[in-house]
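Notes for the structure review
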Amino acid sequence: MKFAGRLVLGTVMVLLLSVVVLLSMSEVSLRHDLEEDFAVALTREAKLIRETIPRDSALWQSEVRRLSAQSEHRITLIDRGGVVLADSDVPGDQLATLENHATRAEVRSALGGQVGRAVRGSASIGSTLMYVAVPGGPGVVRVAADLSQVTETVRRAQRSVFLAAVIALLVGCVLAVVAGRSIAQPLTAISGAARAIAAGNLPRFPHSGIPDIDALVGALRQMHLQLAERFDELRREQAETSAMLEAMVEGVIAADARGRVILANEAARRLLGYDSGSPLPELRQLFRARPAREIVDAALKGEAVSDRDIEIDGQTLQASARSLPTGGMVMVLMDQTEMRRLESVRRDFVANVSHELKTPLTSISGYAETLIADRPDSQTTQRFLEVILNNARRMQRLVDSLLDLSRIESGSWQPSPEAVDISSAAREVREGLQDLARERGVVLETDLSPDARTIVADPDAIRQVLTNLVDNAIRYTAEGGKVVITSRKQDGEAGLGVVDTGSGIAREHIGRIFERFYRADPSRSRDEGGTGLGLAIVKHLVEAHGGRVFAESERGKGTAITCWFPLLLQDGNAGPPENPSSKA
């Protein structure tokens, strides 16, 4: 619908609504005022009747008929029990057939000492009446009048108002048509000029003679000039931005609100594996990995994503995304593959050194502090110095073991097995960790089977396995707990293990505790000084001997970790069990 039609239609609708509201409000207001005046007149009449009622009850029926004939209103006398004693519209011999009026609203109010009023249909005469009752006489004097006079008065007034409203509506429609045409014509010409500007053609601006519309035409003309200048400036900026994007080593991708790629520089295409001329699919198809899709979804919803790593085709990309003010998003991709590899190497090295050298360093520091602070006798000093020297040498062996672990993982390192006295190795481990156990209130014990006191394995590897297992067990055992070094022989295998009464490990973590850097309880591992590397070292050392490591644990009931080594015969052949998992 055109503007002129909308203007006329809107004006007519407003006028119609005004007429409807006017008629409704006038009816309600006029009826209310007339009924109030009617009620006041009936109240006054009821009070006058109350004063003129004779004392003789035998005259009441004739008297109310006489008064009703003068006023043309129905008059009723009711006693305090609600019984009708006289009624101007009911013969005297039929009064007994009338129902009790004590429940009528106006009668109840009058019996309570107040003027009562009600509007309802009368069952006895079949019309709508207004009832006004006042206390007095035999109990209550009630006057009723037909409201048809009020209704007729309201109808006459409504007819007059409706006629005036129709005339106003017709005049308003004519004025709306004239005003709509005078405004619509220059607006139509302005819309034509706007379309010409949008199409890049020379616009024709109208002159309407209406100050407001002429001001709009002037603003449109000025806008046309400014747009031409800004378009030229935008073209220059777009060319500069495109050159800068293509020169960036970071990949840049821009998409609209639906996820369709609208811009991608050469670096982004290279990182995603697309040629320069090949079209790019939508973002949700371009990034199929879940972390990448989460970044895309978050940015399209208006959230900012910063420096989040994603894996695409074996590459580690650092992605940052921001939503655009007009909808859509822009994403920046940086190739972090080599950087992450170097960081991983650095973290692995630092973690290994920190974890494996902590125990001997603690022993060296403790004995050295004792020598400095207590100045013991020469025999004790000699023993302490020997312990310090042993731990220093052990540190060297641990450093070599870290290098060996790297060689084990690459397959270039092999252990040098020889007969190892498990009792001696366990005693050495206990002495090295006794201070830590005493500090934590943990008891260290050994339970070695008589037929499994010697094992053919790399001595340094055995000591490192026991050290890591016992150290972990102490750290996860509460005060008053116990850590036991065990050995046993079974089905062609020698089992070397550590059992504790500590906090235990949840079942869902059992299968992963031997992974490098994996922590079943990360927060507690940090508090206890662990790095999540000790059990990984144990696993690699045992597997390098052709053995296996198994763990049994239940949350709150401790942990048992057993390292099964194949029993080496004199000819050097190994005899591993057929199903080592049953020994776990």
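In what follows, the accompanying structure is described. (Residues numbered from 1 in each chain as written. Predicted model: local features only at pLDDT ≥ 70, side-chain atom pairs only at ≥ 80, totals over all residues. Heavy atoms only, no water.)

Focus on the packing of aromatic side chains
Note the threshold: Each Phe, Tyr or Trp ring, with Trp reduced to its six-membered ring, pairs with another whose centre is within 6.5 Å; inter-plane angles below 30 degrees give stacked pairs, above 60 give edge-to-face pairs, and intermediate values give tilted ones. Segments assigned H or I by DSSP are reported as helices when at least four residues long, segments assigned E as strands when at least two residues long, and all are numbered from the N terminus. Exposed residues in this analysis have more than 50% of their type's maximum accessible area, buried residues have under 20%, and partly exposed residues fall in between, with area computed by a 1.4 Å probe over protein chains only. Whether a charge lies above a ring is judged from NZ of Lys or CZ of Arg, which has to be within 6 Å of the ring centre and within 35 degrees of the ring normal.
Evaluation of the coordinates by the stated rule reveals one aromatic pair. Measuring from centroid to centroid gives 4.9 Å for Y367 and F384, while their planes differ by 70 degrees, and the two rings are edge-to-face. Of this pair, Y367 sits in helix α9 (residues 337–374) while F384 sits in helix α10 (residues 378–410), and the two are 17 residues apart along the sequence. The burial state of Y367 is the same as that of F384; both residues are buried. The ring centre of Y131 lies 4.4 Å from the NZ or CZ of R120, which sits over that ring.

Concerning the environment of R117
Note the threshold: Between two residues, a contact is recorded if the distance between any of their heavy atoms is within 4.5 Å. For this analysis, a polar contact is any N or O atom pair within 3.5 Å, provided that within protein one partner can donate a hydrogen and the other can accept it, and provided that sequence-adjacent residues contribute only side-chain to side-chain pairs.
Relative to the assigned elements, R117 resides in strand β3 (residues 116–122). According to the relative accessible area criterion, R117 is partly exposed, its value standing at 42%. The spatial distance from the C-alpha of R117 to the C-alpha of V132 is 4.6 Å, given a sequence separation of 15 residues. Residues within four places of R117 in sequence aside, it is in contact with E36, A39, E106, M130, Y131 and V132. Side chain to side chain, R117 and E36 meet in a polar contact 3.2 Å long.

Concerning the sheet that holds strand β6 (residues 251–255)
For clarity, the cut-off: Between any two strands, at least two bridges found by DSSP are needed for them to pair. Geometry is summarised by axes, namely lines fitted to C-alpha atoms with helices restricted to the contacting stretch, and by angles between N-to-C directions that run from 0 to 180 degrees.
If you trace the five strands from one edge of the open sheet to the other, you get β7-β6-β10-β9-β8, paired in antiparallel fashion. The two strands at the open ends of the sheet, each matched to only one other strand, are β7 (261–264) and β8 (305–312). Pairwise comparison of adjacent strand axes, ignoring direction, gives a mean angle of 25 degrees for this sheet. Taken strand by strand, helix α8 (residues 290–300) contacts β8, β9 (315–323) and β10 (329–335), and its axis lies near 150 degrees from that of β8.

So, helix α12 (residues 459–475)
The test is simple: For a helix, the expected span equals 1.5 Å multiplied by the residue count minus one.
An ideal rise of 1.5 Å per residue puts 24 Å on 17 residues; α12 measures up with 24 Å between its terminal C-alpha atoms. Most of α12 sits out of view: 15 of its 17 residues are buried. With a side-chain oxygen lying 3.1 Å from the backbone nitrogen of D460, the N-terminal cap of α12 falls on D458.

Some points on the side chain of D256
Checked against the element boundaries, D256 lands in the loop between β6 and β7. Residue contacts for D256: discarding those within four places in its chain leaves I262, L300 and G328.

What to know about a nonpolar patch on the surface
So the rule is basically this: Distance thresholds for patches are 9 Å for like charges and 5 Å for nonpolar side chains (Val, Leu, Ile, Met, Phe, Trp, Tyr), applied to residues having over 30% relative accessible area and no salt bridge. Note that accessible areas follow from Shrake-Rupley with a 1.4 Å probe, and for residues the cover is restricted to the protein chains shown. Just to be clear on terms, a salt bridge is a Lys or Arg side-chain nitrogen sitting within 4 Å of an Asp or Glu carboxyl oxygen.
Taken together, the side chains of L163, I167, V171 and L175 present a nonpolar region at the surface, about 400 Å² in accessible area. With respect to the helices and strands, I167 occurs in helix α4 (residues 148–198).

Side note on unusual backbone geometry
Despite not being glycine, E72 has its phi angle at roughly 60 degrees, a positive value. Mapped onto the elements of the fold, E72 is located in the loop between α2 (60–71) and β1 (74–79). Residue class for E72 comes out exposed when judged on its relative accessible area of 69%. The residue R375 is not glycine, and still its phi comes out positive at about 45 degrees. Within the secondary structure, R375 is located in the loop between α9 and α10.

Here's the deal with the nonpolar core
How we decide: As used here, the term nonpolar core means buried Ala, Val, Leu, Ile, Met, Phe, Trp, Tyr and Cys residues forming a set that is joined through side-chain atoms within 4.5 Å.
Within the largest apolar cluster, 40 residues are counted, with the highest numbers of intra-cluster contacts made by I462 and V470. The dominant element in this core, judged by the number of residues it contributes, is α12, at eight residues. Of all hydrophobic cores here, the second largest spans 24 residues; its members include A255, A264, A268 and I310.

Quick look at the sheet that holds strand β17 (residues 559–566)
The five strands lie next to each other as β12-β14-β15-β17-β16, forming an open sheet whose pairing is mixed. Sheet topology places β12 (443–448) and β16 (548–553) at the edges, where each strand pairs with a single neighbour. Between one strand axis and the next, the sheet turns through 15 degrees on average, direction left out of account. Bridge count between strand β14 (residues 482–490) and strand β15 (residues 493–500): eight bridges; the pairing is antiparallel. Residue pairing for β15: T486 is matched across the bridge by G497. Set on the sheet, helix α11 (residues 422–440) makes contact with β12, β14 and β15; between it and β12 the angle comes to about 170 degrees.

Side note on the pattern of salt bridges
In the structure shown here, the tally under the stated rule is 18 salt bridges. Between R74 and D89 there is a salt bridge; the shortest N-O distance is 4.0 Å. Pair noted here: R74 is in strand β1 and D89 is in the loop between β2 (84–87) and α3 (105–111), with a separation of 15 residues, a long-range link. Owing to a relative accessible area of 36%, D89 belongs among the partly exposed residues under this scheme. Across the pair K539 and E543 runs a salt bridge whose closest N-O atoms are separated by 3.0 Å.

Overview of the pairing of strand β13 (residues 454–457)
Only one face of β13 is covered, namely the one carrying I455 and A457; the face carrying T454 and V456 has none of its residues buried. Inspection of the sheet shows strand β11 (residues 418–421) paired to β13 by four bridges, in the antiparallel sense. Looking across to β13, one finds that V420 is bridged to I455.

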